[in-house]
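Structural description and commentary
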Amino acid sequence: MSKPLSREQMAWRAAQDLADGAYVNLGLGMPVLAANYAPADRDIFYHAENGVLGVGPVAGPGQEDPELVDAGSQMVTLRDGASIVDSAASFAMIRGGHLDLTILGGFQVAANGDLANWDALVPNKGPLIGGAMDLAAGARAVHVIMRHTASDGSARLVAECSYPLTAPGVVKRVYTDLAVLDVDIDGEAGGGFVAREIIPGLSRGELTAATGAALAFAPDCKLLEAPDLPEA
Amino acid sequence: MSKPLSREQMAWRAAQDLADGAYVNLGLGMPVLAANYAPADRDIFYHAENGVLGVGPVAGPGQEDPELVDAGSQMVTLRDGASIVDSAASFAMIRGGHLDLTILGGFQVAANGDLANWDALVPNKGPLIGGAMDLAAGARAVHVIMRHTASDGSARLVAECSYPLTAPGVVKRVYTDLAVLDVDIDGEAGGGFVAREIIPGLSRGELTAATGAALAFAPDCKLLEAPDLPEA
Amino acid sequence: MINKCVDDLAAALAGISSGASVMISGFGNAGIPTNLLHGLSALGLSRLTLILNAIRRVNDCDPTFFAEGQIEHVITTAFRGPGQEPAAFETQWQDGKVSFEIVPQGTFAERIRAGGAGIPAFYTPTAAGTPLAEGREQRDFNGRTCVLETALTADVALLRAQKADRYGNLCFRGTQANFGAAMAAAAELAIVEVEEITEHALPPEQVHLPGIYVQRLFQAARKD
Amino acid sequence: MINKCVDDLAAALAGISSGASVMISGFGNAGIPTNLLHGLSALGLSRLTLILNAIRRVNDCDPTFFAEGQIEHVITTAFRGPGQEPAAFETQWQDGKVSFEIVPQGTFAERIRAGGAGIPAFYTPTAAGTPLAEGREQRDFNGRTCVLETALTADVALLRAQKADRYGNLCFRGTQANFGAAMAAAAELAIVEVEEITEHALPPEQVHLPGIYVQRLFQAARKD
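The following paragraphs examine the structure supplied in this document. Keep in mind the model is a prediction, meaning the values are calculated, not measured.

Concerning the overall build of chain A
Secondary structure summary: chain A contains five helices and 13 strands in total. Radius of gyration (C-alpha) of chain A: 18 Å, near the 17 Å computed for a compact globule of 232 residues. Evaluated residue by residue, chain A yields a buried proportion of 61% over its 232 residues. Across chain A, the fraction of contacts at a sequence separation of at least 24, relative to all contacts at a separation of at least 6, is 63%.

Describing the overall build of chain C
A count of helices and strands for chain C gives seven helices and eleven strands. For chain C, whose C-alpha radius of gyration is 18 Å, the value lies close to the compact-globule estimate of 17 Å for 224 residues. For chain C, the spread of C-alpha atoms along the three principal axes comes to 50 × 45 × 30 Å. Residue burial in chain C is summarised as follows: out of 224 residues, 62% are buried. Across chain C, the fraction of contacts at a sequence separation of at least 24, relative to all contacts at a separation of at least 6, is 75%. Surface exposure of chain C reaches about 7800 Å², of which carbon and sulfur atoms provide 46%. Side-chain charges in chain C split into 18 positive and 24 negative, and the spacing between the mean points of these groups amounts to 3 Å.

A look at the interface of chain A and chain D
In this assembly, 22 residues from chain A lie in contact with 20 residues from chain D. Contact with chain D buries surface across chain A, with Tyr-23, Arg-95 and His-98 of chain A losing the most and accounting together for 30% of the total. The tally of links between chain A and chain D comes to zero salt bridges. Run the count over chain A and chain D and you get eight residue pairs in polar contact (both at pLDDT 80 or more). Elements with a minimum of two residues in the side of chain A that touches chain D: β4 (76-84) and α3 (87-95) of chain A. Considering every element that reaches the side of chain A that touches chain D, the biggest residue donor is β4 of chain A, with seven residues.

A word on the sheet that holds strand β6 (residues 138-141) of chain D
Spatially, β6(C)-β7(C)-β5(C)-β5(D)-β7(D)-β6(D) is the arrangement adopted by the six strands of the open sheet, whose pairing is antiparallel. The strands lining the two open edges of the sheet, one partner per strand, are β6 (138-141) of chain C together with β6 of chain D. Each neighbouring strand pair of the sheet contributes to a mean axis angle of 30°, computed without reference to strand direction.

Examining the interface of chain A and chain C
Across the contact, 34 residues belong to chain A and 51 residues belong to chain C. On the chain A side of the interface with chain C, the three residues burying the most area are Glu-67, Arg-95 and Lys-125 of chain A, jointly 23% of the side's total. Our count for the chain A to chain C interface comes out at five salt bridges. Note that Glu-67 of chain A is salt-bridged to Arg-222 of chain C, the shortest N-O span being 3.0 Å. At the surface where chain A touches chain C, the tally comes to 27 residue pairs in polar contact (both at pLDDT 80 or more). Broken down by secondary-structure element, the contributors of at least two residues to the side of chain A that touches chain C are α3 and α4 (132-138) of chain A. Residue contributions to the side of chain A that touches chain C peak at four residues, all from α3 of chain A.

Quick notes on the environment of Ala-150 of chain A
Residues and elements named next belong to chain A. Its location among the elements puts Ala-150 in the loop between β8 (142-145) and β9 (157-158). With a relative accessible area of 23%, Ala-150 lands in the partly exposed category. As a C-alpha pair, Ala-150 and Leu-165 span 15 residues in sequence and 17 Å in three-dimensional space.

Concerning the nonpolar core
Counting residues in hydrophobic clusters, the biggest one holds 214 residues, and the most contacted among them are Leu-170 of chain C together with Leu-170 of chain D. Sequence-distant contacts of Leu-170 of chain D, defined by excluding residues within four places in its chain, comprise Leu-159, Ala-161, Lys-163, Ala-164, Val-192, Val-194, Leu-202, Val-207, His-208, Leu-209, Val-214 and Leu-217 of chain D.

Description of the pairing of strand β1 (residues 21-24) of chain C
All names here are of chain C. Every second residue of β1 is oriented toward a common face, with Ser-21 and Met-23 on one face and Val-22 and Ile-24 on the other, all of them buried. Here β1 runs beside strand β2 (residues 48-52); their pairing, made up of four bridges, is parallel. The residue bridging Val-22 from the neighbouring strand is Leu-50, located in β2. As for the winding sense of the linkage, the β-α-β connection from β1 through helix α2 (residues 34-42) to β2 is right-handed. Examined bridge by bridge, β1 and strand β8 (residues 154-164) share three bridges and lie parallel to one another. Bridged to Val-22 within β8 is Val-156.

Here's the deal with the packing of aromatic side chains
Where two aromatic rings form a pair, the distance of their centres and the angle of their planes describe that pair. Taken as a whole and assessed by the stated rule, the structure comprises 21 aromatic pairs over all chains. Between the aromatic rings of Phe-108 of chain D and Phe-179 of chain D, the centroid separation amounts to 5.4 Å while the plane-to-plane angle is 70°, which identifies the pairing as edge-to-face. Taken together, the positions of Phe-108 of chain D in helix α6 (residues 105-117) and Phe-179 of chain D in the loop between β9 (170-171) and α7 (180-186) put the pair 71 residues apart, joining distant regions of the chain. Residue Phe-108 of chain D is classed as buried on the basis of its relative accessible area of 0%. A network of ring pairs unites the aromatic residues Phe-66, Phe-79, Phe-89, Trp-93 and Phe-100 of chain C as a single cluster. For the cation-ring pair, Arg-79 of chain A lies above Phe-45 of chain A, with the distance from its terminal atom to the ring centre recorded as 4.0 Å.

A look at helix α1 (residues 7-15) of chain A
All names here are of chain A. Burial analysis of α1 places eight of its nine residues in the buried class, which makes it a mostly covered element. Every buried residue of α1 is listed here: Glu-8, Gln-9, Met-10, Ala-11, Trp-12, Arg-13, Ala-14 and Ala-15. On its buried face, α1 is in contact with α2 (30-33), β5 (101-105), β8, β10 (171-175), β11 (179-183) and β12 (193-198).

Structural notes on the pattern of salt bridges
Evaluation of the coordinates by the stated rule reveals 42 salt bridges over all chains. One salt bridge in this structure joins Arg-173 of chain D and Asp-65 of chain B, with 2.5 Å as the shortest N-O distance. In this pair, Arg-173 of chain D sits in the loop between β9 and α7 while Asp-65 of chain B sits in the loop between β3 (52-58) and β4 (76-84), so the two residues belong to two different chains. A single salt-bridge network, built from bridges that share partners, covers Arg-13, Asp-17, Arg-173, Asp-182, Arg-196 and Glu-197 of chain A.

Some details on unusual backbone geometry
Residue and element names in this part refer to chain D. Even without glycine at this site, Arg-47 takes up a positive phi of about 55°. By secondary structure assignment, the location of Arg-47 is in the loop between α2 (34-42) and β2 (48-52). Here the phi dihedral of Asn-142 falls at roughly 50°; this positive angle occurs in a residue that is not glycine.

Things to note about the side chain of Thr-198 of chain C
Residues and elements named next belong to chain C. Along the polypeptide, Thr-198 turns up in the loop between β10 (187-197) and β11 (216-219). At 2.7 Å, the side chain of Thr-198 and the backbone oxygen of His-200 are in polar contact. Excluding residues that lie within four positions of it along the chain, Thr-198 makes contacts with Lys-163, Ala-164 and Asp-165.

About the cut-offs
Residues numbered from 1 in each chain as written. Chains lettered and ligands numbered in written order. Predicted model: local features only at pLDDT ≥ 70, side-chain atom pairs only at ≥ 80, totals over all residues. Heavy atoms only, no water. Helix = DSSP H or I, 4+ residues; strand = E, 2+ residues; numbered from the N terminus. Rg over C-alpha atoms; globule rule 2.2 N^0.38 Å. Buried < 20%, exposed > 50% of the residue type's maximum accessible area, 1.4 Å probe, protein only. Contact = heavy atoms within 4.5 Å. Areas by Shrake-Rupley, 256 points an atom, 1.4 Å probe, with all protein chains shown as cover. Lys, Arg positive; Asp, Glu negative; His and termini not counted. Charge placed at Lys NZ, Arg CZ, Asp CG, Glu CD. Buried area = accessible area lost by both parts, 1.4 Å probe. Salt bridge = Lys/Arg side-chain N within 4 Å of Asp/Glu carboxyl O. Polar contact = N/O pair within 3.5 Å; in protein donor to acceptor, adjacent residues only side chain to side chain. Pairing = 2+ DSSP bridges. Axes fitted to C-alpha atoms, helices over the stretch in contact; angles between N-to-C directions. Core = buried A, V, L, I, M, F, W, Y, C linked by side-chain atoms within 4.5 Å. Right-handed = clockwise from strand over helix to strand, strands pointing away. Phe/Tyr/Trp six-rings, centres within 6.5 Å; stacked < 30°, edge-to-face > 60°. Lys NZ or Arg CZ within 6 Å of the ring centre and 35° of its normal.

Right, here's the structure in full:
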């Protein structure tokens, strides 16, 4: 019997791939949790699209400054070596390809790397786009953290996105509650998703059934084992 | 017998039109001299396109900093309230129409406001363009200081520029050693130049003869009387 | 003598009229000019166009803006209220009383920057291949499809800074600059509420926004 | 631990090869990285493209650059030597050994800024109606003719700053930033000579150029 990863465990797994010295933007929700789980030997600069390069921990009591927030509007601190710019300069940094990585949430990722994460077509509510399109189009690498399937059981890793796209052909890697999957954009594995890691107790057939697009398994496909983590 | 204005007197005359509170860029040569003659009751910010807003006097002994120069590469000081930006931001300021006025040198000004001041077609020498085109196209008003005629006696106020243009249709006012002339871009005076002031002893016929385009005289055309000024 | 300080809120907002386009700074609660926003709402104008990152911040700050139907059009990166129920402005949109244009945040910032920098239009890869690019002019550069975007300008910009001198030079605190720095340059009339107006000029190398971009300064404590 | 400092000039310039495009900061004598320039010239490379405001400053600083014919192409706002006689680079141009592209200074700065900001092309009114716009793509916006300009990027940028911390954050002195700030962002490899490398990180609100744009730092006193 398999046990899907928790939000924290998915964020933990994504954090293990953060490179030492990297400049990284973490999207709202699960992605921003990844900062809590980066290995201690990695020196990382977190970018917030409202202008912070070097976001530190959330501000504790006595540290709060309402004029210093991150992209989730949370009051934060700064790390050593941080700097602050205005929004135009901050997005110049994103669009100019200066961020090594962005980790975003997702509604759907397609087998060609298309990402849909901004418009879930909710009735009676206006659209909210924020910086997702700029991050998806601008960062050198785009990773996504999302549950493998929607709450109604439908696939979120799909042959073609049904939700409006955020950016075409940009996603390299997806962290789900069931697996770590790469997008085979170059077609080396015949196209589609390639599972790199799969949670204990889940069969390859079960993962394939939960995936709405072609799925291959890497020759060295490993077990995805995450530590127990308290709720963040 | 008329006496043409000196370089300093031309700059002095141009300076009398500088408005209180104005942001002004002064080109190399005679224009930059104008800062010496601005009336004392005018609070003016001089912009240098290498990034200074609020250029002060040229640095005296002990004040020189080779890392603080104006657009003529002279070591300068800063005025109270000055700020410094990089070149991209400085030209954003120019191009965005934030400067009230630029005063430039000129080779030729045409009756339609065309300005030629960057390429005198010197043989065996490469072109030098600098910031002239950006200033001419970007400032809210363009004034020109230049001698009324070239050293060979040919007209520099012309029906059509023969030198390569810096910008079309931008010059509002020209200060020469013989007169102050407005460009009648709106055609209120039938097109061409309109003399506002003329130096003592010079006849209207002599000014017309020295001008290579249609010339009208303002109904209130005045004498252009400049004080004696030492060489700057 | 140059002095951009005005005495009170009324003087700060004087001359803004119905039909004006108004840029409003702020990301989260940082850099939102709440004093100016309340003042603008109280003017009771109509047919305003608001240009701002997230419309809900204005709604949170002063709901009377939308209750009274002062707004005609919104250019924003987020036209969405909190929660599941439609907010007042979402209802007005569905009733055809308010229209909006939705823009990716980086394109939004760059269009404002272009407005202040005299760049009428530019190409960007952001939004290419998405529904936002449908029907838009697109073009490939270096093998990548880009969308043509035009500059945003406005009649008025409202922003907040930590410090100013009488020349209008600004220092921002924290992430207070966000859209305000570019908005000041893109608007005909930039009005800034500041925590402190300093007696002496700010140090030249520490000025975040040169005074040339600021027309009026109004001292007001932060209001949440 | 992030540390962008290198020990000597050789390490600062390591890996630059013939055929590279090199952006060089400097306006007048402010912000010119003369130590790096002398070092680059001494590498004896060939077919370089130089992108800089005024070519004569490089010539003044290190004439061997042109004497040895290391340069193939120059993108600049001023391809002119001092005095009436042609400078070495002007002669080489007339002999067909060096080519150049002349660009208005504001367009030059904006093209570099665009290169670093991921904007592949933009329209500007500068140069419209002049010989520089002949044969170029032009288009009217708001009744004004504008020219299409493309971004400038480069393999390497060389610049000078007053202070840096080990993260690569820079503070400029006086007018030292000029083109260097934008060049660092537009180049794959930005190498900075600095007067002082500080023990502690620079204060966040006083950083003029964030360290993300800087790859290598080299401490060197100013050399005229």
